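# Reading the structure
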Amino acid sequence: MKLKSYQPGISLQPRLHPQKWFSQPELNAAKPEQPSLTWVKLQEPPSLYSHDEALLLCQSSESEWLAWVPDYGEVVLSRHQFTEMT
């Protein structure tokens, strides 16, 4: 059996369209309530074997942060789940 992979006259539409996320004013206007890459104290560790501190990586919404917890990994934290370390 022989397959023909080339068919002249057929054009494929592009699957991915360029995004202009950088020009959307609502994304550029978002200001984090705390600077990223800040260590915070967790109210409750995500597991018994993980640390009770987390490193804030970036803000994902008005009340949630993406954070890294040693011996656990990445986690999404709500603002009420951590406090700033002094």
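The structure reproduced in this document is the subject of the present report. Residues take numbers from 1 onward in each chain, read along the sequence in its written order. The model is predicted, so local features are restricted to residues of pLDDT at least 70 and side-chain atom pairs to those at 80 or more, both for listing and for counting; the totals for chains, interfaces and linings are taken over all residues. The basis for every side-chain value is the complete set of heavy atoms in the structure, and neither hydrogens nor water enter the calculation.

## Re the sheet that holds strand β1 (residues 38-42)
Strand order in this open sheet of five strands is β4-β3-β2-β1-β5, and the pairing throughout is antiparallel. Strands at the two margins of the open sheet, each flanked by one partner only, are β4 (73-78) and β5 (82-84). Across the sheet, the mean angle from the axis of one strand to that of its neighbour is 45 degrees, orientation sign disregarded. Only strands that DSSP links by at least two bridges are regarded as paired with each other. Only DSSP runs of H or I with at least four residues qualify as helices, and only runs of E with at least two residues qualify as strands; both kinds are numbered from the N terminus onward. As paired strands, strand β3 (residues 64-69) and β4 are joined by six bridges and run antiparallel to one another. For W68, the partnering residue across the bridge sits in β4 and is E74. Working convention: axes come from line fits to C-alpha atoms, limited for helices to the stretch in contact. Angles between N-to-C directions cover 0 to 180 degrees.

## Quick look at the packing of aromatic side chains
Stacked, tilted and edge-to-face are the three classes assigned to paired rings of Phe, Tyr and Trp, where Trp is represented by its six-membered ring and a pair needs centres within 6.5 Å; plane angles under 30 degrees give stacked, over 60 edge-to-face, the rest tilted. Under the definition given, this model contains one aromatic pair. Pairing W39 with W68 gives two aromatic rings, centres 6.4 Å apart and planes at 70 degrees, and the pair type is edge-to-face. Of this pair, W39 sits in strand β1 while W68 sits in strand β3, placing them 29 residues apart in sequence. For each residue, the accessible area found with a 1.4 Å probe, counting protein chains only, is set against the maximum for its type, and the residue is called buried under 20%, exposed over 50%, and partly exposed in between. The class of W68 is partly exposed, set by a relative accessible area of 37%.

## A word on the pattern of salt bridges
One side-chain nitrogen of Lys or Arg within 4 Å of one carboxyl oxygen of Asp or Glu is enough to make a salt bridge. A complete count under the given rule lists one salt bridge for this structure. Between K41 and D52 there is a salt bridge, with the nearest N and O atoms lying 2.5 Å from each other. Here K41 is found in strand β1, whereas its partner D52 is found in the loop between β1 and β2 (53-59), with eleven residues between them in sequence. Exposure remark for K41: the relative accessible area of 33% places this residue in the partly exposed category.

## Quick word on a nonpolar patch on the surface
A surface patch of nonpolar side chains, about 300 Å² in accessible area, is lined by W39, W68 and M85. Note that M85 resides in the segment after β5. Patch membership needs two things, relative accessible area over 30% and no salt bridge, and members are linked within 9 Å if like-charged or within 5 Å if nonpolar (Val, Leu, Ile, Met, Phe, Trp, Tyr). Residue burial considers only the protein chains on display, and all accessible areas are found by Shrake-Rupley using a 1.4 Å probe.

## Some points on the nonpolar core
Here, the term nonpolar core denotes a set of buried Ala, Val, Leu, Ile, Met, Phe, Trp, Tyr and Cys residues that are joined through side-chain atoms within 4.5 Å. In terms of nonpolar packing, the biggest core is built from ten residues, these being V40, L42, A54, L56, W65, A67, V69, V75, L77 and F82. Where this core is concerned, the elements lending two or more residues are β1, β2, β3 and β4.

## Examining the environment of T83
Structurally, T83 can be placed in strand β5. C-alpha of T83 to C-alpha of K41: the two residues are 42 residues apart in sequence and 5.3 Å apart in space. Residues are treated as being in contact if the distance between any of their heavy atoms lies within 4.5 Å. Among all residues touching T83, those that are not within four sequence positions of it are V40, K41 and Q43.

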